[in-house]
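Notes for the structure review
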Protein chains: 2
Amino acid sequence: MQTKVFLNEDEMPRQWYNIAADLPSPLQPPLGPDGNPITPDMLAPVFPMNIIEQEVSTERWIDIPQEILAILHKWRPTPLHRAYALEKALGTPAKIYYKNESVSPPGSHKPNTAVAQAWYNKQFGIKRITTETGAGQWGSALAFACSLLGLECKVYMVRISFDQKPFRKIMMQTWGANCIASPSTETNAGRNILEKYPDTPGSLGIAISEAIEAAVTDKSGQTRYALGSVLNHVMLHQTIIGQETKKQLAKIGEKKVDIVIGCAGGGSNFAGLSFPFLSDKINGANIEVIAVEPTSCPTMTKGPFVYDHGDTAKMTPLLPMHSLGHDFIPPPIHAGGLRYHGMAPLVSQTIVEGLVTPRAIGQIECYEAAVLFARTEGIIPAPETSHAIAATIQEAKKASEEGKEKVIVFGLSGHGLMDLSGYDSFFQGKLVHYELPESEMGSAIHELDNLPKPKMVKSGKW
Amino acid sequence: MQTKVFLNEDEMPRQWYNIAADLPSPLQPPLGPDGNPITPDMLAPVFPMNIIEQEVSTERWIDIPQEILAILHKWRPTPLHRAYALEKALGTPAKIYYKNESVSPPGSHKPNTAVAQAWYNKQFGIKRITTETGAGQWGSALAFACSLLGLECKVYMVRISFDQKPFRKIMMQTWGANCIASPSTETNAGRNILEKYPDTPGSLGIAISEAIEAAVTDKSGQTRYALGSVLNHVMLHQTIIGQETKKQLAKIGEKKVDIVIGCAGGGSNFAGLSFPFLSDKINGANIEVIAVEPTSCPTMTKGPFVYDHGDTAKMTPLLPMHSLGHDFIPPPIHAGGLRYHGMAPLVSQTIVEGLVTPRAIGQIECYEAAVLFARTEGIIPAPETSHAIAATIQEAKKASEEGKEKVIVFGLSGHGLMDLSGYDSFFQGKLVHYELPESEMGSAIHELDNLPKPKMVKSGKW
């Protein structure tokens, strides 16, 4: 009974898949403060030009440089597992597979793009990368990548996480990164906030503002900023996940996938697994693709498709995306990586096109699913990942009811060893279920009339 | 540039290697309180008979049951990596390989025997396993294994670790185990200690006493005890590590290994990697094999080879081993897994035979090595593992001085994500170097004359 499918090094994907080439309607451009489309040159102080080129590319396949492949090969190809024990526990006729991204040294899918971004920055002559991190998974991954490539890395970590999760900071430090609490006194953005609110717990919006300011104000010109999700090039770098999964399924003769499931915060984990399957769907394959989010931050299921800012301080361009409003502050659920007001434009568009079905699940159901998974399959999942597991269990039960042997694939985006306090709350019965009332949504919804409208509509082509 | 060697499922070893069959001098038996050898029947209340049979076996090869292989396959074969980046940082002509056991779901080599022990207990009709844990790596691994096999698991965790490392406890709980602080009020051993010393931080010796008592006093007869190191069957189950390593080296045409290095606390990680190589050495191969321990607990380098108890309370039989005395309490270094007064009889004998060279290294040098490794190879090692890395770096530097292209293989026994506080101390300059003065050794040395003498001497056969 084979529980795991490996690929050899020579079976690793050599190209990233760019879904922008295949979308029924063209992706709308980001807009500047004047309402006009952003040009590549306007992004040059923030990102190196080779990454900006990827950001705007509509080429279907983009070669992965050999040096990036060599680093990814430290832990890739990642295994695809058949969840026999979970299936048995559920008594489902469904066949459940999961792609295990938790085996990377930082423990999640994030290094797939961190390594690529660090490498492109280095190629462009950049010596130092700044970024923000909330829960710490992205900051850890970028620290890891910069360490291997010999770049300096500065991480602005949201103050409350910095204080509550000291181990994430030590992880980054071990990889040589400089991780400081945000707001800090090192930037104007940070100082302004601290002056007004000396005791602020910080926010991802503030941390983004600080990281961007630190990059663009470095007079040496050798510093750039990096983002761990949302943008097109980040989605691109993650498509290695879904491509490997398809090869692994083919290797064991699994010809037809019925359902693909991933959790989605900014969208990169979901995009990485699902976009290569969406390529088949656009070409006629009958696949259900489900993006799962928390009920406490229902960006895809309740947020409108609008032009909104990526950060609270409105430093970023306006992006066409599902959004709960750039000033929305989600309740403190344990899945920190899913607490983001927006959704990647590429993922948002696949939803508007009808290619992807979003679903919101509450955190108690997610932890129940996570514990069942840990006790059957043996891996303790990250709180974010538990959302994909909960949706998988819902679908497996549905398959039982329908008596159908469906093939379900979900993304195990990371392990939960750095986030065990949520499990503790769950066992102690202290976990809270959050359901967002419409009245608590942020400014995106109320300011809707003041923002430009994305022109894209569902084309109905496929 | 291939940085990693995988094996396929069909290349997994199908048998464990029992070095007892090949040792130049026969292994001496454990002795009871009367000084006479222990018989298998005397161990029956503690261990199931199928494990006792393995404990006393001198068969060279023992088949691994298919059901155990199926579970091990969830993360095995583990990768063998070539440490190109570390080699480059050291400027050494040596070729450094490391066997990566950190990819198991609990993050170390421990599940290799935890799964086997849980399976044999289940086969024997046992429903519940008790054990002790210090730092928590073994308790986590047994909780994981019992979860997958549907057994109850009770872990007595040394009080001070229980309080200082709450995340280990949550890990075990997530896998369904019941982890309680030791001394507890649930056993006579625990109650007696608490009566005398209500504020005791506990010790591994006390926890062992409690776990054994809980097993042997269960009137249902369905509870047994499990140990994560020291005993012969534990060494046996770990030999899958070294066997895989040899296959991986052969696969890439690496014909000659010069040096094999592992850290040793109770001895199972070291035995697992090295015993299959020692088999070659006994048959004439020229291989240097190095077992690394902390200077604060120099069992192999300073402890005599004696008959001593495995626990402080003298509940276990007398074992022929290197020991610092059963009442020796090592200084509080961060490598909790290396804080044990004794050493596995099989490993002790390979030292007395001259097959293995022990080496002690202080923890500051180990953390320096660990940080260099993390920043070059990308994996944050466990504090225990850092001892093997420090010795590897010593050997790589020696190879530089000698101008020799030596092939070095070391065991990466686990990752350090659950033990980051040691790194924090290191970065803050708070780490202490311990060198054990002879005067602080325990009773084994002073009681030497009162204990039986092992008959085995270096045979000089090989």
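On a predicted model such as this, the values are computed, not experimentally measured, just so you know. Every chain's residues receive numbers from 1 upward, in the order its sequence appears when written. The naming scheme follows written order: chains are lettered A onward, ligands numbered 1 onward. With pLDDT at 70 or above as the cut-off, local features in this predicted model cover only qualifying residues; side-chain atom pairs require 80 or more to be listed or tallied, and sums for whole chains, interfaces and linings still use all residues. Values shown for side chains rest on all heavy atoms present in the structure; no hydrogens or waters enter the calculation.

1. Description of the overall build of chain A
Here is the rule we go by: A run of DSSP states H or I qualifies as a helix once it reaches four residues; a run of E qualifies as a strand once it reaches two. Both are numbered from the N-terminal end. Using C-alpha atoms as the atom set, the radius of gyration is obtained and then compared with a globule rule of 2.2 Å times the number of residues to the power 0.38. Contact criterion: two residues are considered in contact whenever any of their non-hydrogen atoms come within 4.5 Å of each other. In short, Shrake-Rupley with a 1.4 Å probe defines the accessible areas, and a residue's cover is counted only from the protein chains shown. The sign given to each residue is positive for Lys and Arg and negative for Asp and Glu; His and the chain ends receive no count. A single reference atom marks each charge: NZ on Lys, CZ on Arg, CG on Asp, CD on Glu.
For chain A, the count of helices and strands is 19 helices and 15 strands. In terms of overall size, chain A behaves like a compact globule, its C-alpha atoms giving a radius of gyration of 21 Å where 462 residues would be expected to give roughly 23 Å. With respect to the three principal axes, the spread of C-alpha positions in chain A is 60 × 50 × 45 Å. When contacts within chain A are restricted to residue pairs at least 6 apart in sequence, long-range pairs at least 24 apart make up 77% of them. When the accessible surface of chain A is split by element, carbon and sulfur atoms take 51% of a total near 16,000 Å². A gap of 4 Å separates the mean positions of the 42 positive and 47 negative side-chain charges of chain A.

2. Re the interface of chain A and chain B
For clarity, the cut-off: Reported buried area values correspond to the accessible surface (1.4 Å probe) lost by two parts on association, with both partners' losses combined. Salt-bridge detection follows one rule: a side-chain nitrogen of Lys or Arg within 4 Å of a carboxyl oxygen of Asp or Glu. The term polar contact refers here to a pair of N or O atoms within 3.5 Å; inside protein, the definition further demands a hydrogen-donor-capable atom paired with an acceptor-capable atom, and it admits residues adjacent in sequence only when both atoms are side-chain atoms. Polarity classes work like this: nonpolar for Ala, Val, Leu, Ile, Met, Phe, Trp, Tyr, Cys and Pro, charged for Asp, Glu, Lys and Arg, and polar for all others, with Gly in that last group.
Opposite the 42 residues of chain A that make contact, chain B presents 42 residues. Counting the surface lost from both chain A and chain B, the interface buries some 3,800 Å², and carbon and sulfur atoms represent 60% of this. On inspection of chain A and its partner chain B, the count reaches two salt bridges. A salt bridge links Lys74 of chain B to Glu377 of chain A; its shortest N-O distance comes to 3.2 Å. Our count for the chain A to chain B interface comes out at 16 residue pairs in polar contact (both at pLDDT 80 or more). Sorting the residues of the side of chain A that touches chain B by element identifies helix H6 (137–149), helix H8 (166–174), helix H16 (363–377) and helix H18 (421–427) of chain A as the ones contributing at least two each. Here the side of chain A that touches chain B is composed, by residue class, of 22 nonpolar, 13 polar and seven charged.

3. Considering the confidence of the model for chain A
Basically, it comes down to this: For every residue, the predictor assigns a confidence score, pLDDT, that lies between 0 and 100.
For chain A, per-residue confidence averages 92 on the pLDDT scale, and residues scoring 70 or more make up 95% of the total. Overall, residues 457–462 of chain A carries pLDDT values under 50, and its contacts beyond four positions in sequence, including any with other chains, amount to 14 contacts.

4. Comments concerning the pairing of strand S5 (residues 95–100) of chain B
Residue and element names in this part refer to chain B. Threshold: Using a 1.4 Å probe on the protein chains alone, a residue whose accessible area is under 20% of its type maximum counts as buried, one over 50% counts as exposed, and one in between counts as partly exposed. Only when DSSP finds a minimum of two bridges between them are two strands counted as paired.
In terms of residue burial, S5 counts as a mostly covered element, since six of its six residues are buried. Judged by which residues are buried, S5 turns out to be covered on both faces: Lys95, Tyr97 and Lys99 on one side and Ile96, Tyr98 and Asn100 on the other are all buried. Alignment of strand S4 (residues 80–82) against S5, held across three bridges, turns out to be antiparallel. By the bridge assignment, His81 is partnered in S5 with Tyr98.

5. Here's the deal with the relation of the copies chain A and chain B
What counts here: Copy-to-copy superposition: least squares on the C-alpha atoms, limited to residues that have pLDDT of at least 70 in both copies.
Here chain A sits on chain B after a turn of 180° about the axis and a move of 0.0 Å along it, with an RMSD of 0.0 Å. Such a combination of turn and shift is consistent with a two-fold rotation axis. Among all residues of chain A, the one whose C-alpha sits closest to the rotation axis is Val103 of chain A, at a distance of 3.1 Å. In this assembly the copies share their binding face: 100% of the residues contributing to the interface of chain A also contribute to that of chain B.

6. Section: the environment of Gly190 of chain B
Residue and element names in this part refer to chain B. Secondary-structure assignment places Gly190 in helix H9 (residues 188–196). The buried category is assigned to Gly190, whose relative accessible area is 0%. Measuring from C-alpha to C-alpha, the distance between Gly190 and Ala211 comes to 9.9 Å, with 21 residues separating the pair along the chain. Ignoring any residue separated from it by four or fewer positions in sequence, one finds Gly190 in contact with Pro183, Ser184 and Glu210.

7. Details of the sheet that holds strand S8 (residues 178–182) of chain B
All names here are of chain B. For the record, the criterion: A fitted line through C-alpha atoms represents every axis, and for helices the fit uses only the stretch in contact; the resulting angles, taken between N-to-C directions, go from 0 to 180 degrees.
Taken in spatial order, the four strands line up as S8-S7-S6-S9 in an open sheet, and their pairing is parallel. The open sheet is flanked by S8 and strand S9 (223–225), the only strands paired with a single partner. If you compare each strand with its neighbour and ignore which way they point, the axes differ by 25° on average. Running over the sheet, helix H8 (residues 166–174) touches strand S6 (128–133), strand S7 (152–158) and S8 and is turned about 175° from S7.

8. Thoughts on the packing of helix H12 (residues 240–251) of chain A against helix H13 (residues 268–282) of chain A
Residues and elements named next belong to chain A. The interhelical angle for the contact between H12 and H13, taken along N-to-C directions, is 65°, at an axis separation of 6 Å. Here Ile241, Gly242, Gln243, Thr245, Lys246 and Leu249 of H12 lie close against H13, whose contacting residues are Gly272, Leu273, Pro276, Phe277 and Asp280. Classifying every residue of the contact of H12 with H13 by side-chain character gives five nonpolar, four polar and two charged.

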